[in-house]
Amino acid sequence: MEGLVTHNTGSHYRVLCDDGKERLCLIKGNLRLRGIRSTNPVAVGDRVQVEVMSADGDNPDYIREILPRRNYIIRRASNLSKESHILGANLDRTLLVCTVVQPQTSTTFIDRYLATAEAYRVPAALVWNKTDLYGPKELEELEFLCAMYRYIGYPCYCVSAETGEGVEALSADLAGQTTLLAGHSGVGKSSLINRLVPGINLRTAEISDAHRTGMHTTTFSQMIALPGSAGGYLIDTPGVKGFGTIDMAPEEVGHYFPEIFKESAHCRFNNCSHTHEPGCAVLAALEEGRIPQSRYTSYLGIMEDKDETKYRQDH
């Protein structure tokens, strides 16, 4: 029987099967041994084959096969014995929830996430939350960041999960789609979902006063049905501190930065690394301000990601 994985607690999975029943499942031992170097070989959003062990549901059933994925979001895992962690699969889009303060979301983190979304063919947008907390300085920074990312081609939403500002427009764009939400702990993903799905009442937490960073409230990934006749789902994921890229060859990284890829068509050399070569159109565009310095810095950082322990400590 086939079904859709809706919850992943790390050891157990909930699968909404095609007969309408939700089943608690484990994964078959041989599935773990198929060379899937991941902390979670089965991800929320996966379509799977389920082996039903008991009709009454007294015993867990088993996931015996993952059906082909059309896309997914993946990051470098913190577990040293594994290689990757899949945040969600079979997505229509992903939203990265960001904040200018409390906590601050760095452009380095944003660019790594967006590059991964490009690499795995997931349309991405940015949601800037906590606008109710921003003074003139923060609003100026927000305006600059939105202008930069919109220029590159990424939609930006400015919202306040606290007051509801901007949430209605975001909700309308999510209808009928499967959307993965990601971001640092403390950016307000749970509060935002509570606004988007009235009655869901996800647990939220205050920002740590000591470090002005977020504290984890979501400890496992889950799929949440959106209200309304159009349907759709949100995939809520635990907050992450860092975002290590994976499986990006240095010569491919520029493909995942749309503005760099566009300019690279005019480089003198086909194998240009955009770091030092004569006739590099990317370096010329950087000098002329058509490529933001922060984006180019992020590009160089991903190019240097050969050190596999660089992001393993980040959860």
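Definitions and limits used
- Residues numbered from 1 in each chain as written.
- Predicted model: local features only at pLDDT ≥ 70, side-chain atom pairs only at ≥ 80, totals over all residues.
- Heavy atoms only, no water.
- UniProt positions renumbered as here; feature names shortened; annotations may be inferred.
- Helix = DSSP H or I, 4+ residues; strand = E, 2+ residues; numbered from the N terminus.
- Expected span 1.5 Å × (residues − 1).
- Buried < 20%, exposed > 50% of the residue type's maximum accessible area, 1.4 Å probe, protein only.
- Salt bridge = Lys/Arg side-chain N within 4 Å of Asp/Glu carboxyl O.
- pLDDT = per-residue confidence, 0-100.
- Contact = heavy atoms within 4.5 Å.
- Arc of directions from axis to C-beta.
- Pairing = 2+ DSSP bridges.
- Axes fitted to C-alpha atoms, helices over the stretch in contact; angles between N-to-C directions.
- Parallel < 35°, antiparallel > 145°, perpendicular 65-115°, else oblique.
- Nonpolar A, V, L, I, M, F, W, Y, C, P; charged D, E, K, R; others polar.

As recorded by an unreviewed UniProt entry, the protein carries the name Small ribosomal subunit biogenesis GTPase RsgA and is attributed to Porphyromonas macacae. Here is the UniProt Subunit (unreviewed entry) comment for the protein, exactly as written: "Monomer. Associates with 30S ribosomal subunit, binds 16S rRNA." Turning to the protein, the UniProt annotation filed under Subcellular location (unreviewed entry) states: "Cytoplasm".

K.L.:
Can you help me understand helix H2 (residues 107-119) in this one?
P.N.:
Because an α-helix packs 3.6 residues into every turn, residues spaced three or four apart end up facing the same way. In this model H2 runs 18 Å from its N-terminal to its C-terminal C-alpha over 13 residues, within 8% of the 18 Å that 1.5 Å per residue would give. Of all 13 residues in H2, ten are buried, a share of seventy percent or more. For H2, the full list of buried residues reads Phe109, Ile110, Asp111, Arg112, Tyr113, Leu114, Ala115, Thr116, Ala117 and Ala119. One or two steps after H2, the chain reaches Arg121, where phi turns positive at roughly 60 degrees.

K.L.:
Is there a simple way to think about the pattern of salt bridges in this case?
P.N.:
Oppositely charged side chains may form a pair once their charged atoms are brought near each other. Applying the stated rule across the entire model yields eleven salt bridges. Measuring nitrogen to oxygen at the nearest pair gives 3.5 Å for the salt bridge that ties Asp236 to Lys189. Pair noted here: Asp236 is in strand S13 (residues 233-236) and Lys189 is in helix H5 (residues 189-196), with a separation of 47 residues, a long-range link. Each of Glu2, Asp18 and Arg47 takes part in salt bridges that share partners, so that together they form one network.

K.L.:
It is not clear to me how the confidence of the model for the protein should be interpreted in this structure. Could you clarify?
P.N.:
Note that predicted coordinates carrying low pLDDT should not be read in detail. Scored by pLDDT, the protein comes out at a mean of 87, with 87% of its residues at no less than 70. Contacts for the low-pLDDT stretch residues 308-315, under 50 throughout, to residues beyond four places or in other chains number 26 contacts.

K.L.:
Is there a simple way to explain H5 in this structure?
P.N.:
All buried positions along H5 are accounted for by Lys189, Ser190, Leu192, Ile193 and Leu196. For H5, the angular spread of the buried residues around the axis is 160 degrees, confining them to a single face.

K.L.:
Before we go on, may I ask you to explain the environment of Tyr256 in this structure?
P.N.:
Tracing the sequence through the fold places Tyr256 in the loop between S13 and helix H6 (258-264). For Tyr256, a relative accessible area of 17% corresponds to the buried category. Put simply, Tyr256 and Ala115 are 141 residues apart on the chain and 4.9 Å apart in space, counted from C-alpha to C-alpha. Apart from residues lying up to four places away in sequence, Tyr256 is in contact with Ala115, Glu118, Ala119, Tyr154 and Met248.

K.L.:
Any chance you could explain the pairing of strand S1 (residues 2-8) here in plain terms?
P.N.:
As a general feature of sheets, a regular strand has side chains that alternate between the two faces. For S1, a buried count of six out of seven residues is recorded, marking the element as mostly surrounded by other parts of the structure. The pairing of S1 with strand S4 (residues 47-51) spans three bridges and is classified as antiparallel. Its bridge partner lying in S4, Gly3 is registered against Val48. Two elements, S1 and strand S2 (residues 13-17), share five bridges in a ladder whose sense is antiparallel. When the sheet's bridge partners are listed, Gly3 is paired in S2 with Cys17. Taking the residues between adjacent antiparallel strands as the criterion, S1 and S2 are bridged by four residues, where Gly10 takes a positive phi near 105 degrees.

K.L.:
What am I meant to see in the packing of helix H4 (residues 167-174) against H5 here?
P.N.:
Angle between the axes and distance between the axes: these two values describe a pair of packed helices. The contact between H4 and H5 brings their axes to 10 Å, and the two run at 75 degrees. One element, H4, and the other, H5, form an angle in the roughly perpendicular class. On H5, the residues touching Val167, Leu170, Ser171 and Leu174 of H4 are Leu192, Arg195 and Leu196. Taken together, the residues of the contact of H4 with H5 sort by class into five nonpolar, one polar and one charged.

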